[in-house]
Structures are given as C-alpha cells and as structure tokens.
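Notes for the structure review
One letter stands for each residue in the lines below.
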Amino acid sequence: MPSSSASTTDAAAKPTAGTGGVQSLERAFDLLERMADAGGEVGLSELSASSGLPLPTIHRLMRTLVACGYVRQQANRRYALGPRLIRLGESASRLLGTWARPYLARLVEETGETANMALLDGDEIVYVAQVPSKHSMRMFTEVGRRVLPHSTGVGKALLAHTPPEEVRALLARTGMPAATEKTITTPEGFLAALEQVRAAGYAVDDNEQEMGVRCLAVPVPDAPTPAAISISGPAGRVTEAATDRIVPVLQEVARDLATALTATSASQG
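So, here's what we can say about the structure.

1. Focus on unusual backbone geometry
Phi angles above zero are rare outside glycine, and Arg-77 is one such case at about 75 degrees. The residue Arg-77 is located in the loop between β2 (71-73) and β3 (79-81) in this model. Positive phi, close to 55 degrees, is recorded for Asp-222, a residue that is not glycine. Mapped onto the elements of the fold, Asp-222 is located in the loop between β8 (213-219) and β9 (227-234).

The structure is reproduced here in structure tokens:
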C-alpha cells in the first residue's frame, strides 16, 4: 500500500490523547464517513466546513486516500468514495450477518417466523442475514437483496429517528413506487408512519412489500452501523395478537445482539 510522508510528518499523525489512537487515522476515517453522509461525493471546502479541519490537512489526507484507492478524484475536482471500499464493505456485511445468525435463530425458535437482519446502505435497505421459519409456509428474502425503505418494516425501523428533512431528501432521490396497493407512496404518509414507530417502539410492514405478508421490525440499538432485525410471516399468523407476543422478543434479541456487537468491537480495538 502506498505510503505518504505528508501524513506521517503532519502533526495529525501523533497519538490521540487518552485513546492510544493515531490522529491522522481517526481523521481519515472521519472524512470517509462524512463523505458517505454527504452521498459519496464532496468538495474539499465542504469537508473543511463540516469537519473543522484546515484545508491543507484535508488535502494531505485525501491525497493519501486517493493513492490507496479508497477515494477517487472526479473530473470536476470533487472527491468520491473509491471502489476499494466495496470489498471492505462486502466483507464487513458478511461478517455482521455471520455474527447475527445465532440471534436470528433464537428469534425463529421463540416466534416461529422467519428472522432477518438488514442494514441501511446509502438510500437502500440490504438484507445481510436470514434464518428461515420451520413452517412449511414461510417467507424467504434473499441475502443481498436490496429494497427501498418506504415499503419495508426494517426501513421504517432504520429511519424512525432520522431528521424529517433527511427522510424527505432520501425519498426524493429514491421515489416511492408502490409494491402493493397498501404501500405508502407519499412523504407525509411515511413521516406519519415513522412517528408511529417512535411511539410504539417497533415498525410494521402490513402487506406493503408483498400482499399476504406482515413484518415486524426493530432497530439494533447503538449498532456500529445502522441495523435492524425483523420477523416476517403470513398475515394470518403474524396477527395483532401475535404482535403483542413477538415484539418484546424482538426488542430483547436486538438488545442482546447490540451488546454482542459492541463487545466484539471493543475486543478488536
């Protein structure tokens, strides 16, 4: 991997007080996350304004990230996330799904329905793990499948605490096509649904992605990346009465999974 004398001679390369980390690394990862939050492409002045770092420091860090393939410079002189990040993201998603599987299996055992885990990747929901129900009639969602947030329980769970203006911007980018006659197709309707999620503590997909299927979902609290878990099954089984029984199980498993993921991150730090 290319080296950069600029980043090692910069004062930013000094260890961060109290953390044992290297400041230049922390700053580089912070810039990558800010780029992702901005949609993947930004200018140096935008990064400077949002991060508070001086332009020369940002330029040196970005030059190193470009040399490593994690960032690329566009023809318009703006910077975009680079293709080398894709391999890292795919590997991390697979590992996250592997860690989650025992918890999803527990959900299946306690609820009887198919259990899923999904992440918010850009403007889309991507399913990273699934354990199928043991019923002969059960729901399948292919791992790796991408869907739009507005028609899914996991999408509502993941966006419930996102500022309304950011939700509106996302919906404007993706559109709100109707998957079924019950799909929410207006920003106002979706924002009202998110308010219900915040009040209830869980999200519902009631025949909105596929007719005859109901899904219950909750976010994984304090996950290293926004994540949600859900159960899905035939509407005839995932009834209102079943919801009262299933939601506490979902919430408990989500908390336990969050604890496990936090412990894994700490042990690798």
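2. Thoughts on the packing of helix α7 (residues 164-174) against helix α8 (residues 187-200)
Between α7 and α8, whose axes approach to 11 Å, the crossing angle comes to 135 degrees. The angle between the axes of α7 and α8 places the two elements in the oblique class. Judged by the sense of rotation from one axis to the other, the crossing of α7 with α8 is right-handed. Contacts from Pro-164, Val-167, Arg-168 and Leu-171 of α7 reach α8 at Pro-187, Glu-188, Phe-190, Leu-191 and Leu-194. Tallied by class, the residues present in the contact of α7 with α8 amount to seven nonpolar, no polar and two charged.

3. What about the pattern of salt bridges?
Taken as a whole and judged by the stated rule, the model has 16 salt bridges. Ionic pairing is found between Lys-134 and Glu-109, a salt bridge with its closest N-O pair at 2.5 Å. Here Glu-109 lies in helix α5 (residues 84-111) and Lys-134 lies in the loop between β5 (124-131) and β6 (146-147), a separation of 25 residues in the sequence. Both residues of the pair, Lys-134 and Glu-109, count as exposed. A salt bridge links Asp-121 to Arg-146; the shortest N-O distance between them is 2.6 Å. Here Asp-121, found in strand β4 (residues 114-121), pairs with Arg-146, found in strand β6; they are 25 residues apart in sequence, far enough to count as distant. Exposure remark for Arg-146: the relative accessible area of 42% places this residue in the partly exposed category. One connected set of salt bridges, linked through shared partners, spans Arg-106, Glu-110, Glu-252 and Asp-256.

Quick notes on the rules
Residues numbered from 1 in each chain as written. Predicted model: local features only at pLDDT ≥ 70, side-chain atom pairs only at ≥ 80, totals over all residues. Heavy atoms only, no water. Helix = DSSP H or I, 4+ residues; strand = E, 2+ residues; numbered from the N terminus. Axes fitted to C-alpha atoms, helices over the stretch in contact; angles between N-to-C directions. Parallel < 35°, antiparallel > 145°, perpendicular 65-115°, else oblique. Left-handed = near helix turned anticlockwise from the far one by under 90°. Contact = heavy atoms within 4.5 Å. Nonpolar A, V, L, I, M, F, W, Y, C, P; charged D, E, K, R; others polar. Salt bridge = Lys/Arg side-chain N within 4 Å of Asp/Glu carboxyl O. Buried < 20%, exposed > 50% of the residue type's maximum accessible area, 1.4 Å probe, protein only.

These figures capture arrangement, not role.
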